[in-house]
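Analysis of the macromolecular model
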Amino acid sequence: ASLAHGFWVNPKSVYTEGIRSITPLDLEFARKLGYAIKLLGIVKGNGGAPVQVSVYPALIPSDHVLASVSGVYNGILVRGDVVGDTLYYGQGAGQDATASAVLSDLADAALDLKHDTHDRRHAFVPHDTNGAVLSIDNVSFSFYLRLSVVDRPGVLAQIASILARGRIGISSVIQPEGHQGASVPLILMIHDAPNAAMQKALGAIRRLKTVKGEPVLLRVEDFS
């Protein structure tokens, strides 16, 4: 974010979300829908507008080049206004890559001690000011929503009503066959909606007696 936009982003301004809620069921459904799930670091800006700086898991098209990045490898996709898309790919984990990074940090620390300074190379300044980093609440996304619901008539209507009150549209609904028990999975693909509106609707959905367990909400990144 700092390299692209010229100011040092305060870590407190970065929205972060991990992968703890994701299950093998989500990987399976995403694959059937034509997506892969990847943990993304996102930096998006447009001229002088506030910059989105976020980390979260997202569904990405399975035919996108980043969908094939796996194992100890990382990929960085950079989009330029003239050059278009460029990809940087290589090992980011594993013993050799980790050892290289640690040794690099130790070498920097040794040079700091040798030169009796902790500021051989100036950091980006100043830190971001109010409004420089876009709040995640104000960013719109498409969403994947997996619910565990009681299998009876009217449940989908309840959920759709809550989403409609938030002006949130449903693009598709999947209720896989072959799941039996007190509750069954229900997967909804959601049209673009502000994150704040979706979180508010999700809070109301959680309170439904027909919804069991914790919903899984993932953003969809189409790289548009």
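So, a few notes on the structure that sits alongside this text. (Residues numbered from 1 in each chain as written. Predicted model: local features only at pLDDT ≥ 70, side-chain atom pairs only at ≥ 80, totals over all residues. Heavy atoms only, no water.)

Structural notes on the packing of helix H4 (residues 155-165) against helix H5 (residues 195-206)
Two quantities define a packed helix pair, namely the angle between the helix axes and the distance between the axes. Applicable threshold: For helices, the fitted line uses only the C-alpha atoms of the stretch in contact; every axis is such a line through C-alpha atoms, and the angle between N-to-C directions lies from 0 to 180 degrees. Helix and strand definitions here come from DSSP, where helices need a minimum of 4 consecutive H or I residues and strands a minimum of 2 consecutive E residues; each element is numbered from the N-terminal end. These descriptions rest on fixed angle ranges, namely under 35 degrees for roughly parallel, over 145 for roughly antiparallel, 65 to 115 for roughly perpendicular, and the rest for oblique. When the near helix sits turned anticlockwise from the far one by under a right angle, the crossing is termed left-handed; a clockwise turn instead gives a right-handed crossing. The contact criterion used is simple: two residues touch if any of their non-hydrogen atoms lie within 4.5 Å. Polar here means any residue outside two lists: the nonpolar Ala, Val, Leu, Ile, Met, Phe, Trp, Tyr, Cys and Pro, and the charged Asp, Glu, Lys and Arg; Gly therefore counts as polar.
Relative orientation of the contacting elements H4 and H5 amounts to 150 degrees, with a least axis distance of 9 Å. Considered as vectors, H4 and H5 are oriented roughly antiparallel to each other. Where H4 crosses over H5, the two elements pack in a sense that is right-handed. Contacts between H4 and H5 involve Ile159, Ile162 and Leu163 from the first element and Met198, Ala201, Ala204 and Ile205 from the second. Here the contact of H4 with H5 is composed, by residue class, of 7 nonpolar, no polar and no charged.

A short note on the packing of aromatic side chains
The test is simple: Aromatic rings from Phe, Tyr and Trp, taking only the six-membered ring of Trp, are treated as a pair when their centres fall within 6.5 Å; an angle between ring planes under 30 degrees marks them as stacked, one over 60 as edge-to-face, and anything in between as tilted. The buried label applies to any residue whose accessible area, calculated with a 1.4 Å probe on protein chains only, is under 20% of its type's maximum; exposed applies above 50%, and partly exposed to all values in between.
Under the definition given, this model contains 3 aromatic pairs. Relative to Phe141, the ring of Tyr56 lies with its centre 5.7 Å away and its plane at 90 degrees, an arrangement referred to as edge-to-face. Highlighted residues: Tyr56 in strand E3 (residues 52-61) and Phe141 in strand E6 (residues 140-149), separated in sequence by 85 residues. Looking at Tyr56, the relative accessible area reads 1%, which means it is buried. Classification of Phe141 by relative accessible area gives buried; the value is 5%. Here Phe141 and Phe143 contribute two aromatic rings whose centre-to-centre distance is 5.8 Å and whose plane-to-plane angle is 65 degrees, an arrangement assigned as edge-to-face. What makes Phe143 buried here is its relative accessible area of 1%.

Remember that the coordinates give geometry; whether it matters functionally is a separate question.
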